[in-house]
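Report on the structure
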Amino acid sequence: MSLDVSPKLLAEAESGDIREKDFVDTVRTSLPYAYNLIASLTTELNGTTAEFTDNQTPPPSEQERGQLLRALASDAIRGSLERHFGVELAFQNCHRVAAFRPGARDGETYARFTSLRSQVLNQSPEFRDC
């Protein structure tokens, strides 16, 4: 299970829509490594004029790697984090996540980061089992 959903949030979801703020809080507490990494990238991005910031440091353990993979593999989680932090996320391998400024998906830098060529160039034998 990727999220530790409270009984209250589950009951709300069963009876209708939930507030995104509550969902993001569940992500924050369930996937703290992923949440904090994206928060850190956002802070770094906001402190610069760069088009994006990215993480190139592998997670300290498989547990943290799993959190990152779960967060970015879920459209709902990823979209909520993007809206919450005001960024657009891109993901290349088992830990290289990047935070781009809003609207970047239409730009050349985002296209280059998410290209087939960049994906191939950012592979390494150590990432095979991640």
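Residues numbered from 1 in each chain as written. Predicted model: local features only at pLDDT ≥ 70, side-chain atom pairs only at ≥ 80, totals over all residues. Heavy atoms only, no water.

**Re the pattern of salt bridges**
Convention followed: Salt bridges are defined as contacts in which a side-chain nitrogen from Lys or Arg sits within 4 Å of a carboxyl oxygen from Asp or Glu. By definition, any uninterrupted DSSP run of H or I lasting at least four residues is a helix, any uninterrupted run of E lasting at least two residues is a strand, and each is numbered from the N terminus. To sort residues, take the accessible area from a 1.4 Å probe on protein chains only and compare it with the maximum for the residue type: under 20% means buried, over 50% means exposed, and anything in between is partly exposed.
Per the stated rule, a full pass over the model turns up nine salt bridges. Note that Asp25 and Arg28 form a salt bridge whose closest N and O atoms lie 2.5 Å from each other. With Asp25 and Arg28 both in helix α2 (residues 20-30), this residue pair falls three residues apart, about one helical turn. Using a relative accessible area of 38% as the deciding quantity, one classes Asp25 as partly exposed. You can call Arg28 partly exposed: its relative accessible area is 35%. The partner of Arg112 in a salt bridge is Glu108, and the shortest N-O contact between them spans 3.0 Å. Of the two residues, Arg112 and Glu108 are both situated in helix α6 (residues 108-113); the distance of four residues between them amounts to about one turn of the helix. Residue class for Arg112 comes out partly exposed when judged on its relative accessible area of 45%. For Glu108, a relative accessible area of 62% translates into the label exposed. One continuous salt-bridge network, built from bridges that share partners, spans Glu82, Glu88 and Arg105.

**What about the pairing of strand β2 (residues 88-91)?**
Counted only if it meets this: Any two strands with at least two DSSP-identified bridges between them are counted as paired.
Where β2 lies against strand β3 (residues 97-100), four bridges are found, and the strand directions are antiparallel. Bridge pairing in β3 links Glu88 to Phe100. Linking β2 back to β3 in an antiparallel pair, the connection comprises five residues.

**Overview of the sheet that holds β3**
Counted only if it meets this: Only the contacting stretch of a helix is used when fitting its axis, a line to C-alpha atoms as for every element, and angles between N-to-C directions run 0 to 180 degrees. Contact criterion: two residues are considered in contact whenever any of their non-hydrogen atoms come within 4.5 Å of each other.
Read across the open sheet, the three strands follow the order β1-β3-β2; overall the sheet is antiparallel. With one partner strand each, in any of the chains shown, β1 (52-54) and β2 form the two edges of the open sheet. Direction aside, neighbouring strands of the sheet carry axes that sit 20° apart on average. Where β1 and β3 come together, three bridges link them in antiparallel fashion. By the bridge assignment, Asp54 is partnered in β3 with Ala98. This element, helix α4 (residues 62-73), spans β2 and β3 of the sheet and lies at about 120° to β2.

**Remarks on the packing of aromatic side chains**
Selection rule: When the centres of two rings from Phe, Tyr and Trp lie within 6.5 Å, Trp using its six-membered ring, the rings pair. Their planes under 30 degrees apart give stacked, over 60 give edge-to-face, and anything left gives tilted.
Under the criterion given, the structure shown has five aromatic pairs. Consider the rings of Phe100 and Phe113, whose centres lie 5.6 Å apart with planes at 75°: the pair is edge-to-face. With Phe100 in strand β3 and Phe113 in helix α6, this pair connects stretches of sequence that are 13 residues apart. Its relative accessible area of 5% is what places Phe113 among the buried residues. In textbook terms, an aromatic cluster arises when at least three aromatic residues are bridged by ring pairs, as seen for Phe52, Phe100, Tyr110 and Phe113.

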